[in-house]
Amino acid sequence: KLILALLAMGTIATANAQEPRSILLYGNLGLETIRHDDLQKNTNWIATPGIGYQFNHNWTVGGNISWAQDAVKTSTGSKVTDNMYRAGAFVRYSQYIRKSEIFFWFAQYEFAYAGGYRTNDGNPATNKHNGIHTNLFPALGINVGRGIALNFSVGGVEYSTDKADGATYSDNRFGFTFGNQMNFGISKNFNCGHKMH
């Protein structure tokens, strides 16, 4: 039933994880398209830009926002879209592996306010909801020269609460995604000169 599935996670950074007193700018992007035999089409995408301040060789703090859509277009042409958003803060700890300046790892913790709503062919929004989302994930980085690094992660741990408008209780979810997903990123440090940072 699946004729196209694309998941691309990109990261662009103006500072490396080990560059003190610098600004880190990054972003993630994901896209998935599914077309069914009955001509129904699902399109899911997410964008998450973030900015942080690296105040020493190991620690970075900052904030990020996220916007995502899960759109379903039926064979009759009607379209239903679930819109999701987040805004919050993150803290990242980074460390070179042994004495290497090529391989490093980092762990990032995020805490965000989250919400969403549904639209249906231009009608007023329904299914409004909000809550919190928090997650922790480790990642591996490889400096390949002139400030460019490749970043890899294989999931993490996340927890969220979500409460619909008018509901008397929240939906609580815990996720353990190690090994269930793989993310790939590219980072660039514009402040490193000719160093392998």
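Reading guide: rules and limits
- Residues numbered from 1 in each chain as written.
- Predicted model: local features only at pLDDT ≥ 70, side-chain atom pairs only at ≥ 80, totals over all residues.
- Heavy atoms only, no water.
- Helix = DSSP H or I, 4+ residues; strand = E, 2+ residues; numbered from the N terminus.
- Buried < 20%, exposed > 50% of the residue type's maximum accessible area, 1.4 Å probe, protein only.
- Contact = heavy atoms within 4.5 Å.
- Core = buried A, V, L, I, M, F, W, Y, C linked by side-chain atoms within 4.5 Å.
- Phe/Tyr/Trp six-rings, centres within 6.5 Å; stacked < 30°, edge-to-face > 60°.
- Lys NZ or Arg CZ within 6 Å of the ring centre and 35° of its normal.
- Salt bridge = Lys/Arg side-chain N within 4 Å of Asp/Glu carboxyl O.
- Pairing = 2+ DSSP bridges.
- Patch = residues over 30% accessible without salt bridge, like charges linked within 9 Å, V, L, I, M, F, W, Y side chains within 5 Å.
- Areas by Shrake-Rupley, 256 points an atom, 1.4 Å probe, with all protein chains shown as cover.

Right, let's get into the overall build of the protein. Within the protein, the secondary structure is distributed over zero helices and ten strands. Counting across all 197 residues of the protein, residues that qualify as buried make up 32%.

This part is about the environment of S160. Checked against the element boundaries, S160 lands in strand β8 (residues 157-164). Here the alpha-carbon distance between S160 and S170, two residues ten residues apart in the chain, equals 9.7 Å. If we ignore the near neighbours within four places in the chain, the residues touching S160 are I132, H133, D171, N172 and R173.

The next thing to look at is the nonpolar core. One finds Y96, F104, F106, F137, A139 and A149 forming the largest nonpolar core, which totals six residues. Broken down by secondary-structure element, the contributors of at least two residues to this core are β5 (103-120) and β6 (126-145). Beyond its immediate chain neighbours, meaning those up to four positions away, A139 contacts F104, W105, F106, F152 and S153.

This part covers the packing of aromatic side chains. The geometry of an aromatic ring pair is captured by the separation of the ring centres together with the interplanar angle, meaning the angle of the planes. Inspection of the entire model under this criterion finds seven aromatic pairs. Ring-pair connections join several aromatic residues into one group, and the members of that group are W59, Y93 and W105. Its end group placed over the ring of F106, R92 keeps NZ or CZ at 4.1 Å from the ring centre.

One non-glycine residue with positive phi stands out, namely N127, at about 55°. With respect to the helices and strands, the residue N127 is situated in strand β6.

Our focus in this paragraph is the environment of V72. Structurally, V72 can be placed in strand β3 (residues 59-73). Owing to a relative accessible area of 22%, V72 belongs among the partly exposed residues under this scheme. Separated by 29 residues in sequence, V72 and T43 place their C-alpha atoms 6.6 Å apart. Residue contacts for V72: discarding those within four places in its chain leaves Q40, K41, N42, S78, K79 and V80.

Moving on, we get to the pattern of salt bridges. Note that side chains of opposite charge can pair when their charged atoms are close. Taken as a whole, this structure holds two salt bridges when the rule is applied. D82 is paired through a salt bridge with R118; the nearest N and O atoms lie 2.8 Å apart. Here D82 is found in strand β4 (residues 79-96), whereas its partner R118 is found in strand β5, with 36 residues between them in sequence. For R118, a relative accessible area of 30% corresponds to the partly exposed category.

Across six bridges, the pairing between β8 and strand β9 (residues 171-176) is antiparallel. Among the inter-strand pairings, V157 is bridged to a residue of β9, identified as F176. Between β8 and β9, which pair antiparallel and follow one another directly, the connecting turn spans six residues, one of which, G166, has a positive phi of 85°.

Together, I23, L25, I51, Y53, F55, W59 and V61 line one region of the surface with nonpolar side chains, adding up to about 610 Å² of accessible area. Elements supplying a minimum of two residues to the nonpolar patch: β1 (22-35), β2 (41-54) and β3. Tracing the backbone shows W59 in strand β3. In this structure W59 comes out as partly exposed when scored by relative accessible area, which is 37%.

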